[in-house]
Amino acid sequence: MLVLKFGGTSVANAGRINDVYNIVKDLHMSEKKLTVVCSALGGVTDELIRMSKLAAGRDESYLKVLSAIKMRHLNCIRELGIEKDKDLNRFLDDTMQSLTDLLHGVSLVKELSSRTLDFISGQGELLSTKIVTAFFNHKKLKSIFGDARKFIITDENFGAGVVDFKSTNALIAKSLGKSASINVVTGFVSATVTGEMTTLGRGGSDYTAAIIAAALHAKEIQIWTDVDGVLTADPRKVKKAFPVASMTYTEAMEMSHFGAKVIHPPTIQPALEKNIPLYIKNTFNPTAHGTYISVNSTDNNYMIKGISSIDDVVLLTLQGSGMVGVAGISARLFGALAQAKINVILITQGSSEHTISFAVKPADGEPARKAINNAFELEIKAKMIEPIYAESNLSIIAVIGENMRNQPGISGKLFQALGKNGISVVATAQGSSELNISVAIKKEDLNKALNAIHQSFFLSDVKTVNVFLVGIGLIGSALIRQLHKQKSYLRHSHSLDIIIAGICNSKKMLFNEDGISLLHYKELLDSKGEPMSPKDFVKNMQAMNLSQSVFVDCTSSELIVKHYAEIMEHSISIVTPNKIANSSSYGNYHKLQSIARKRNIRFLYETNVGAGLPVITTLKDLMGSGDRIIRIEAVLSGTLSYIFNTFAKGSNFDEIVKQAQQKGYTEPDPRIDLSGKDVARKLLILARETGLALENKDINIEQILPPACQKAPTVEKFFLALKQSNAIFEARREKAAQKNKVLRFIASLENEKASIRLAEVDSTHPFFNLAGSENIISFTTERYHPSPLVVKGPGAGAEVTAAGVFAEIISIGKYFE
C-alpha cells in the first residue's frame, strides 16, 4: 500500500488535477493498492474561513465570496469534462445550500463557534476529493470516494482534534483496507464519536495521510507539493536554497517545528512509530528526486541539514534576584503557560538562574504576560521578581542536522555569519541532543540572516558580494568593465561572485537583488531606472537588506558622503575613492572609523591617496607591526607629477599644463590641481592614519601660482596669466638644474607637522627618477632608516583607481569567508 497526499497547489485547478491523475495512473501500474488524500483547491480553505468571519460580522459580502467559491468549483468541473456527473453536481449543490443556510445563521446570531468554523472550513476537502474521484473514474481509473469523517475519530477539540487511534485504526482497516479500487480520501477533516465534524488543524491533510498509512501498515507515504522536496531553506527567502536528498525523522521533525512549510509537524509521529518512510515529491516536476525521510540519512555532505525559521515571535523574559536558587520557579512559570493553553516555541535560561526567556506566537504574547504576572504576583509586589518583559517583532532561525553532534565550530560558524553581517542575536538556545541551534533576531533582519547563514554553511565554496554602486563616470564605468572581465575568473579561481545589486548616475537609480547586467546597465538604467536621490538610494539599499552588502562610492560628491554614517550603522561596508569623508573635519573622520569598529564592518579607502597603490595598507601594516613612523614624503598628485616630470629645458610651463589638461590629467580648471588642495587632502588622510588629529588648516601649503594666475576670472584668462609667468617657473627650474636637481611637488609629514612645497631633489633622492604621472610615497621608520620604504607606481587614471576599488571589494569578499 502506498499513501499519496496532494496539497492545495497540486489540485488548484483542472490542469493540475489532470497532472495528479497522470502521477496516480503511472504509480498504479506498479502498485495496485493506493490511497490518495486530497487537500482543498489551493486557497479555498482560507476563503471559507474569511467568508465565515465576514458572516459573523454581518458583512453581506460573504455571499460574494461563497458565490466565487461555487463558480471556481463549477469551472473546474467543466474544464475536466465531468459536468454531466449528476452525483457530483448534486453534491456541489447540497454543499453550497448547507453553507448558505449555516452562514445565514452565523450572520443572524453574530457568532462563529469553533464547531461551526470546523464544519465550514472542511467543506473544501470534501468538494475537491469528490471532484478528483469523479475525474479518476471518468478517466477509467477505478476510484472510491472516502469521507475521512467516517473513520478518523477525534475528541471535541474543534480546530485541532486529538485522534482516538484505537477507534480510528479499526475503522480505517475496515473502510479502506480491503478495497480493490483506489481510495480517494478527504484530508484535514475528521469527526467525533457522535458524528460532529472536526478538523486536524491547518496542514492536517498531511496528518490524514500519516494516520491512514500507519493504520494500514503502508510501505511508504508520498507527500506531493509544489517544491522538489525539503529544501535547505525557505526558497521564498533564500533563492539559492536546494533540495535535501534524504533526512532522518528527527531532522524532519525539527525542521517542521521551526517553520518548514513542506511538512506538517504531527505528520511524522505516526510514520515514525510504524517506521514508514516519507517521500516529499513535486507534482510539477515528478521526475525530481525529492526528499526521502526515514530512520537513517545518507545525505551527509554538509555540517547541517537545513535552516528553518519562524517569521514572527514575541520573546518574554522573567528575571529577578528572587529566582536564584529557588526551586519550582520553572514549574510555576510553565504551569501558568500551560493553564493558559500557550505553546512555547523556544526556551533559554542563564546559568545564573537570574533570567528565563521564552518565545511564543504574537497572539499569545499578551495572554502569556498576564498569566505569568498573575502567577508571580506576590514576588513582583515584593520586587523579588520584575514584571514580565516582552520584546516583539522578532524571528527565530534554527540550524538543524544530526551531523552537528560532536562537531566543533558549528556555533562559531553560525554567529560569525551573523556578526559579519551586523545581525544581533537577542537570544539563543541549543538542546543537549545537538540537533539544532536556535537564535532569536530582529524580524527585519530575517531574510538577510537566512541568506548569510545559508551561504556560510551550504555555499562556502562560492561567496556572493552584493555591490551598490553610486557613480558610473570614468571610475565607475571602468570598475564595471573590470568586474565583467574578471567575473568568470573570480568565480572559478577565488570562489567569489560579485553582483551589482544597485546602481545609479546623477539622474536615475536601479535595483535588482539578482544582479544588474554588467553589459547593459546603461540601457537598463535609462529604461527602467527611477529618479535618483542619495536619500532614496540609501533607503532602497537598506530596505533590500541583503547579506554581504558593499556600498561603493565612485563620485566626488559631498551629498553622498553625508550618508556614510547611516549606511555603516546598517552594517553595510563602504569602499570609496571619494576623499571628502576622510579629509573633512577630524570629528567626522573619527566618527566613521568608530562606527566601522563598532559594527564590525569594513570602511576601505585605499584609493583616496594613491589610486591603485597600496599606500594606506602599507602604512597600517607598518604601524600594526609595531614600527614607528619618523617621516613620510610623497608625490601624491599624478597631475603635478606629470607636469614637473615633463618640465624640462626648452619647454614652456603653460604649454605643459595645457598638455596635462588635454590628456585628462587635470581638473577642468587646472588651478584646483596646482593649488595643492587635492594633495593636502591626501596628506591629511595619511596624517590621520598615523594617529594625528589634524585639520585642513594645519597643513602648510606653498602656493606656486603667482597672484595673477590665482585671481584670473576664467580658465582661458588663467592660461594667459600663466603664459606671462613662464619666466618665474623657468627660473626655479634653472636654479635647480644648476645644482643637478629637479623640481618635485612634495608632501611631507614629520614631527607631527604637515607641509606641501615645490622642492629640489638630487639623484640620491628616491623622487629624482619619477616619470610620467607616477606617484611615490617614502616611509622613513625606525625599521626603515636611513633607507626608506618606497611605494611607487601610477597615481592617476580611471583604470588604476577602479582596480584599487576592485581589489578592496575582493578583500571584503574574503572577509565574509
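Scope of this entry: the structure provided in the associated data block.

Each value, and the rule that gives it
Residues numbered from 1 in each chain as written. Predicted model: local features only at pLDDT ≥ 70, side-chain atom pairs only at ≥ 80, totals over all residues. Heavy atoms only, no water. Helix = DSSP H or I, 4+ residues; strand = E, 2+ residues; numbered from the N terminus. Buried < 20%, exposed > 50% of the residue type's maximum accessible area, 1.4 Å probe, protein only. Contact = heavy atoms within 4.5 Å. Areas by Shrake-Rupley, 256 points an atom, 1.4 Å probe, with all protein chains shown as cover. Pairing = 2+ DSSP bridges. Axes fitted to C-alpha atoms, helices over the stretch in contact; angles between N-to-C directions. Parallel < 35°, antiparallel > 145°, perpendicular 65-115°, else oblique. Left-handed = near helix turned anticlockwise from the far one by under 90°. Nonpolar A, V, L, I, M, F, W, Y, C, P; charged D, E, K, R; others polar. 1 Å grid on protein atoms, 1.4 Å probe; cavity = no way out; pocket = protein on both sides within 12 Å on 5 of 7 lines; lining within 4 Å. Points joined across faces, edges and corners; volume = space filled by probe spheres on them. Core = buried A, V, L, I, M, F, W, Y, C linked by side-chain atoms within 4.5 Å. Expected span 1.5 Å × (residues − 1). Phe/Tyr/Trp six-rings, centres within 6.5 Å; stacked < 30°, edge-to-face > 60°. Salt bridge = Lys/Arg side-chain N within 4 Å of Asp/Glu carboxyl O.

**Points about the overall build of the protein**
Turning to step 1, where the next piece is worked out: Each helix and strand counted, the protein has 32 helices and 29 strands in total.
Turning to step 2, where the next piece is worked out: With respect to the three principal axes, the spread of C-alpha positions in the protein is 115 × 70 × 55 Å.
Turning to step 3, where the next piece is worked out: By the burial criterion, 53% of the 817 residues in the protein qualify as buried.
Turning to step 4, where the next piece is worked out: Considering only residue pairs separated by 6 or more positions, the protein has 72% of its internal contacts joining residues 24 or more positions apart.
Turning to step 5, where the next piece is worked out: On the protein, roughly 35,800 Å² of surface is accessible, and the fraction owed to carbon and sulfur atoms is 51%.

**A few points about the sheet that holds strand β7 (residues 220–225)**
What links the strands of a sheet is backbone hydrogen bonding, and the strands pair in either a parallel or an antiparallel sense.
Turning to step 1, where the next piece is worked out: Ordered by their spatial adjacency, 8 strands build an open sheet running β3-β4-β2-β1-β7-β9-β10-β8, and the pairing between neighbours is mixed. Two strands bound the open sheet, and with one partner strand each, they are β3 (143–146) and β8 (246–248). Between one strand axis and the next, the sheet turns by 20 degrees as a mean value, whatever way the strands run.
Turning to step 2, where the next piece is worked out: Summarising the sheet, strand β2 (residues 34–38) and strand β4 (residues 182–186) pair through 4 bridges and their orientation is parallel. Note on β4: the bridge partner recorded for threonine 35 is asparagine 183.

**What about the packing of helix α11 (residues 329–339) against helix α12 (residues 362–375)?**
Turning to step 1, where the next piece is worked out: Direction vectors running N to C along α11 and α12 enclose 135 degrees, while the axes themselves pass 9 Å from each other. Between α11 and α12, the interaxial angle falls into the category oblique. Here α11 runs over α12; the crossing is right-handed. Taking contact as the criterion, the partners of Arg332, Leu333, Ala336 and Leu337 in α11 are, on α12, Ala368, Ala371, Ile372 and Ala375.
Turning to step 2, where the next piece is worked out: When the residues that make up the contact of α11 with α12 are grouped by side-chain class, the tally is 7 nonpolar, no polar and 1 charged.

**Examining the layout of surface pockets**
Turning to step 1, where the next piece is worked out: Roughly 1,000 Å³ of internal volume is contained in the second largest pocket.
Turning to step 2, where the next piece is worked out: Surrounding the second largest pocket, 35 residues form its lining, Ile475, Lys579, Tyr665, Glu667 and Thr801 being those nearest its centre.
Turning to step 3, where the next piece is worked out: Where the lining of the second largest pocket is concerned, the elements lending two or more residues are α16 (474–493), α23 (607–610), α25 (638–646), α27 (671–674), α28 (677–689) and α32 (798–815).
Turning to step 4, where the next piece is worked out: By residue number, the principal contributor to the lining of the second largest pocket is α28, which donates 4 residues.

**Some points on the environment of methionine 51**
Turning to step 1, where the next piece is worked out: Counting through the fold element by element, methionine 51 comes out in helix α2 (residues 44–56).
Turning to step 2, where the next piece is worked out: For methionine 51, the contacting residues outside a window of four places in its chain are Tyr62, Val65, Leu66, Ile69, Leu103 and Ile120.

**Some words on the packing of α2 against helix α4 (residues 86–109)**
Turning to step 1, where the next piece is worked out: Running from N to C, α2 and α4 cross one another at 40 degrees; their axes reach a closest spacing of 7 Å. On the basis of the axis angle, α2 is oblique to α4. Contact residues: α2 offers Leu48, Met51, Ser52, Ala55 and Ala56, while α4 offers Leu99, Leu103, Val106 and Ser107.
Turning to step 2, where the next piece is worked out: Tallied by class, the residues present in the contact of α2 with α4 amount to 7 nonpolar, 2 polar and no charged.

**Some points on the nonpolar core**
Turning to step 1, where the next piece is worked out: Counting residues in each nonpolar core, the largest one holds 88 residues, and the members touching the most others are Val24 and Phe136.
Turning to step 2, where the next piece is worked out: Per-element tally for this core: the top contributor is helix α8 (residues 204–216), with 8 residues.
Turning to step 3, where the next piece is worked out: Residue contacts for phenylalanine 136: discarding those within four places in its chain leaves Val20, Tyr21, Val24, Val36, Leu141, Ser143 and Val184.

**Observations concerning unusual backbone geometry**
Turning to step 1, where the next piece is worked out: Cis geometry marks the peptide bond from histidine 785 to proline 786; its omega dihedral reads 10 degrees.
Turning to step 2, where the next piece is worked out: Along the polypeptide, proline 786 turns up in the loop between β28 (774–781) and β29 (789–794).
Turning to step 3, where the next piece is worked out: In this model, lysine 110 sits at a positive phi of 55 degrees, which is unusual for a non-glycine residue.
Turning to step 4, where the next piece is worked out: Turning to its location among the elements, lysine 110 is positioned in the loop between α4 and α5 (114–121).
Turning to step 5, where the next piece is worked out: A positive phi is found at lysine 341, a non-glycine position, where the angle reads about 60 degrees.

**Points about the sheet that holds strand β27 (residues 753–761)**
Turning to step 1, where the next piece is worked out: Reading across from one edge, β25-β27-β26-β24-β28-β29 is the order of the 6 strands in this open sheet, with mixed pairing throughout. With partners counted over all chains shown, the strands left at the sheet margins are β25 (699–701) and β29, one partner each. Along the sheet, successive strands turn relative to each other by an average axial angle of 20 degrees, direction set aside.
Turning to step 2, where the next piece is worked out: Taken together, the 6 bridges between strand β24 (residues 629–635) and β28 define a ladder with antiparallel strand orientation. Paired with valine 635 across the strands is isoleucine 776, a residue of β28.

**Some thoughts on α12**
Turning to step 1, where the next piece is worked out: Compared with an ideal rise of 1.5 Å per residue, which puts 14 residues at 20 Å, α12 spans 20 Å between its outermost C-alpha atoms and is within 8% of the ideal.
Turning to step 2, where the next piece is worked out: Looking only at α12, the buried set comprises Asp364, Gly365, Ala368, Ala371, Ile372 and Asn373.
Turning to step 3, where the next piece is worked out: Looking at the buried residues of α12, the elements they touch are β11 (306–319), α11, β13 (355–360) and α13 (377–381).

**Some remarks on the packing of aromatic side chains**
Turning to step 1, where the next piece is worked out: Applying the stated rule across the entire model yields 21 aromatic pairs.
Turning to step 2, where the next piece is worked out: Look at tyrosine 21 and phenylalanine 136: their rings are 6.2 Å apart centre to centre, the planes differ by 55 degrees, and that puts the pair in the tilted class. Taken as a pair, tyrosine 21 in helix α1 (residues 14–30) and phenylalanine 136 in helix α6 (residues 123–138) lie far apart in primary sequence, 115 residues in all. Assigned by exposure class, tyrosine 21 and phenylalanine 136 land together as buried.
Turning to step 3, where the next piece is worked out: When the ring of phenylalanine 468 is compared with that of phenylalanine 511, the centres are 6.5 Å apart and the planes differ by 45 degrees; the resulting orientation is tilted. You can see phenylalanine 468 sitting in strand β17 (residues 463–470) and its partner phenylalanine 511 sitting in strand β19 (residues 508–511), a full 43 residues away along the chain. Take phenylalanine 468 and phenylalanine 511: they sit in the same class, and that class is buried.
Turning to step 4, where the next piece is worked out: Following the ring pairs from residue to residue traces out a cluster consisting of Phe468, Phe511, Phe537, Phe551, Tyr564, Phe603 and Tyr605.

**Some remarks on the pattern of salt bridges**
Turning to step 1, where the next piece is worked out: With the rule as written, the count across this model stands at 36 salt bridges.
Turning to step 2, where the next piece is worked out: With a closest N to O distance of 3.3 Å, aspartate 311 and lysine 237 form a salt bridge. Taken as a pair, aspartate 311 in strand β11 and lysine 237 in the loop between β7 and β8 lie far apart in primary sequence, 74 residues in all.
Turning to step 3, where the next piece is worked out: Among the residues examined, aspartate 311 registers a relative accessible area of 34% and is labelled partly exposed.
Turning to step 4, where the next piece is worked out: Judged by relative accessible area, which is 16%, lysine 237 ranks as buried.
Turning to step 5, where the next piece is worked out: Lysine 682 serves as the salt-bridge partner of aspartate 678, at 3.5 Å between the closest nitrogen and oxygen.

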